[in-house]
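One-letter residues, chain by chain:
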Amino acid sequence: ALPAGAAATSDSAAEAFQRNAQDRAWGITSPELYAQLVPPRLIVMLLIISFFICKYYNDRCMSSPDGGMVSNPIHPPESSRMSFLSFLFGPFLNVFPVDVAEDVTLWEMPPS
């Protein structure tokens, strides 16, 4: 008769063999390969960056006649003071906008 530890050892060796076989069963099309190559934090960071780039072009640019995107005219703020809520939520919501002097234009795209 085998000792009690011998049966457990053969089971664990069989389990180890199965895990090794599964680890080696990957191909160029397996999602596990790409999950190991591309860190999840990189994907999250690229999504956040993409969101803010799209938000910038959507909020601050307009289409030019040739089909490109150009900046809207730039106006100075009416005051040099900014509320904390405007600072905090400005990139996300337009709930606390900064008042600008519409009669003064600092920059405008020159006509082409």
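Data block above holds the structure.
Just so you know, these numbers come straight off a predicted model, no measurement behind them.

A. Region of the structure containing the overall build of the protein. Of the regular secondary structure elements, the protein holds four helices and two strands. Reading the protein from its N end, one meets helices and strands in the order α-α-α-β-β-α. Here the C-alpha atoms of the protein give a radius of gyration of 29 Å, more than 25% beyond the 13 Å that 2.2 N^0.38 yields for 112 residues. Once the C-alpha set of the protein is aligned to its principal axes, its extents read approximately 95 × 40 × 15 Å. Within the span of the protein, comprising 112 residues, buried residues form 9% of the whole. Taking the intrachain contacts of the protein between residues at least 6 apart in sequence as the baseline, contacts between residues at least 24 apart amount to 44%. As presented, the protein carries roughly 9800 Å² of accessible surface, and 64% of it is formed by carbon and sulfur atoms. Distance between charge centres in the protein, computed from 6 positive and 11 negative side chains, equals 11 Å.

B. Structural detail: the state of the cysteines. A complete count under the given rule lists zero disulfides for this structure. Sulfur of Cys54: no disulfide; nearest cysteine sulfur belongs to Cys61 and is 11 Å away.

C. Representation of the packing of aromatic side chains within the structure. Counted under the stated rule, the structure contains three aromatic pairs. Their ring planes at 75° and their centres at 5.1 Å tell us that Phe51 and Phe52 sit as a pair that is edge-to-face. Its relative accessible area of 47% is what places Phe51 among the partly exposed residues. Ring centres of Tyr56 and Tyr57 lie 5.4 Å apart, and the angle between their planes is 80°; this geometry places the pair in the edge-to-face category.

D. Geometry of the side chain of Ser86. Tracing the chain through its elements places Ser86 in helix α4 (residues 84–89). The class for Ser86 is buried, based on a relative accessible area of 6%. Residues in contact with Ser86, not counting those within four places in the same chain, are Phe96, Pro97 and Val98.

E. Expanded view of the pattern of salt bridges. If you walk through the whole model with that rule in mind, you get one salt bridge. Between Asp59 and Lys55 there is a salt bridge; the shortest N-O distance is 2.4 Å. Note that Asp59 and Lys55 are positioned in helix α3 (residues 40–60) at a spacing of four residues, about one turn of the helix. Among the residues examined, Lys55 registers a relative accessible area of 17% and is labelled buried.

F. Focus on the environment of Phe87. Structurally, Phe87 can be placed in helix α4. Here the alpha-carbon distance between Phe87 and Pro97, two residues ten residues apart in the chain, equals 9.2 Å.

G. Structural view of a negative patch on the surface. On the surface, Glu78, Asp99, Glu102 and Asp103 cluster together into a negatively charged patch. Its place among the elements puts Asp99 in the segment after α4.

The rules behind each value
Residues numbered from 1 in each chain as written. Predicted model: local features only at pLDDT ≥ 70, side-chain atom pairs only at ≥ 80, totals over all residues. Heavy atoms only, no water. Helix = DSSP H or I, 4+ residues; strand = E, 2+ residues; numbered from the N terminus. Rg over C-alpha atoms; globule rule 2.2 N^0.38 Å. Buried < 20%, exposed > 50% of the residue type's maximum accessible area, 1.4 Å probe, protein only. Contact = heavy atoms within 4.5 Å. Areas by Shrake-Rupley, 256 points an atom, 1.4 Å probe, with all protein chains shown as cover. Lys, Arg positive; Asp, Glu negative; His and termini not counted. Charge placed at Lys NZ, Arg CZ, Asp CG, Glu CD. Disulfide = S-S within 2.5 Å. Phe/Tyr/Trp six-rings, centres within 6.5 Å; stacked < 30°, edge-to-face > 60°. Salt bridge = Lys/Arg side-chain N within 4 Å of Asp/Glu carboxyl O. Patch = residues over 30% accessible without salt bridge, like charges linked within 9 Å, V, L, I, M, F, W, Y side chains within 5 Å.

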